[in-house]
Amino acid sequence: MSVIQVINPNTSDAMTATIAAAARAVAAPGTEIIAVSAAQGVPSIEGHFDEAIAAVGVLEQINRGKAQGVDGHVIACFGDPGLLAARELARGPVIGIAEAAMHMATLVATRFTVVTTLPRTLVIARHLLRQYGFEHHCAALHAIDLPVLALEDGSGIAQEKVRQRCIQALREDGCGAIVLGCGGMASLARDLTQEVGVPIIDGVSAAVKMVEALIGLGLSTSKQGDLAWPLRKTMTGAFEHLN
Ligand SMILES: NC(=O)NC1=NC(=O)NC1=O
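Residues numbered from 1 in each chain as written. Predicted model: local features only at pLDDT ≥ 70, side-chain atom pairs only at ≥ 80, totals over all residues. Heavy atoms only, no water.

An unreviewed UniProt entry annotates the chain as Hydantoin racemase of Duffyella gerundensis.

This is the structure we're talking about:
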């Protein structure tokens, strides 16, 4: 039995439910998914400021997951907020949904397109492409120009905009796969893939399977060098509980 903690770095429980359903849909029979929202922070993550706030919430949940003895962690926001800090703190594997989706896309296509939410988050995805070494695999990045929580408003408008943008990208970008650039899009991948006949990749499910694979291989986060446990120091104020 493996236990994987899936962390929604924003505080919107409705999005956590969407993320949890996508994770459980692909989890192996022997894998238990524990899905959590950030205990404090921002209701949605749509820029550098939000990412900084969300990173603290991620670290708090990593600590809780460690205390619960989970075997691995997923950071279920497309900016992968706090990923390396989380790897310092964690023993088990920590995978972000952007890196997971990008890795999977390169395994099934030579070029992929990213479809995300607000235009101002495009640069965050670009930074990750460079950080992970996937820039030359990415054909294009597009934003549907709707806020993250539009995906949870029940209207279906955001979901239809994602669908239309994917169809347009497949016509125009010369890509062989599409990466969905938001944790809140997790539920769209399977049906969209069926409809367009091209891999539409959700990072939540990709990350869950990558964590399962790492656990199965007996690979945990390296504690050599920069991902060694954080140096001990006395934290104060709002961070005292992280001591
Ligand atoms: N690009 C994004 O939409 N990032 C995200 N913000 C959130 O709150 N969750 C995401 O996945």
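From this point, the discussion proceeds with the structure in view.
**Student:** Would you mind showing me how to read the sheet that holds strand S7 (residues 177–181) here?
**Tutor:** Sheet strands line up and pair through hydrogen bonds in the backbone, either parallel or antiparallel. The four strands lie next to each other as S6-S5-S7-S8, forming an open sheet whose pairing is parallel. Taken across any chain shown, the strands that pair with only one partner, and hence form the sheet edges, are strand S6 (138–143) and strand S8 (200–202). The sheet shows a mean angle of 25 degrees between the axes of neighbouring strands, taken without regard to direction. Bridging between S7 and S8 involves three bridges; their strand directions are parallel. Across the sheet, residue Ile-178 finds its bridge partner in S8, namely Ile-200. (Pairing = 2+ DSSP bridges. Helix = DSSP H or I, 4+ residues; strand = E, 2+ residues; numbered from the N terminus. Axes fitted to C-alpha atoms, helices over the stretch in contact; angles between N-to-C directions.)

**Student:** It is not clear to me how empty space enclosed by the protein should be interpreted in this structure. Could you clarify?
**Tutor:** In this approach the atoms are scanned with a rolling probe the size of a water molecule, which exposes any empty space left behind. Under the defined criterion, the tally for this structure stands at one cavity of 30 Å³ or more. Estimated volume of the largest cavity: approximately 190 Å³. Every residue lining the largest cavity is counted, 23 residues in all, and those nearest its centre are Ile-45, Cys-77, Phe-78, Gly-79 and Gly-181. Breaking the lining of the largest cavity down by element, the ones donating at least two residues are helix H1 (13–26) and helix H5 (122–132). Among the elements that line the lining of the largest cavity, the one with the most residues is H5, at three residues. By residue class, the composition of the lining of the largest cavity is 11 nonpolar, 10 polar and two charged. (1 Å grid on protein atoms, 1.4 Å probe; cavity = no way out; pocket = protein on both sides within 12 Å on 5 of 7 lines; lining within 4 Å. Points joined across faces, edges and corners; volume = space filled by probe spheres on them. Nonpolar A, V, L, I, M, F, W, Y, C, P; charged D, E, K, R; others polar.)

**Student:** When you look at the site of the ligand in this model, what are you seeing that I'm missing?
**Tutor:** With respect to spatial proximity, the complete set of residues near the ligand consists of Asn-10, Ser-44, Ile-45, Cys-77, Phe-78, Thr-116, Thr-117, Thr-121, Val-148, Gly-181, Cys-182 and Gly-183. Asn-10 places a polar side-chain atom, nitrogen or oxygen, 2.8 Å from an oxygen atom of the ligand. In isolation the ligand exposes 290 Å². Once the protein is present, 97% of that is buried. At a threshold of 2 Å from the grid points, most atoms of the ligand map onto the largest cavity. Grouping the amino acids of the shell around the ligand by side-chain chemistry returns five nonpolar, seven polar and no charged. (Near = heavy atom within 4 Å. Polar contact = N/O pair within 3.5 Å; in protein donor to acceptor, adjacent residues only side chain to side chain. Areas by Shrake-Rupley, 256 points an atom, 1.4 Å probe, with all protein chains shown as cover. Sits in = over half its atoms within 2 Å of the grid points.)

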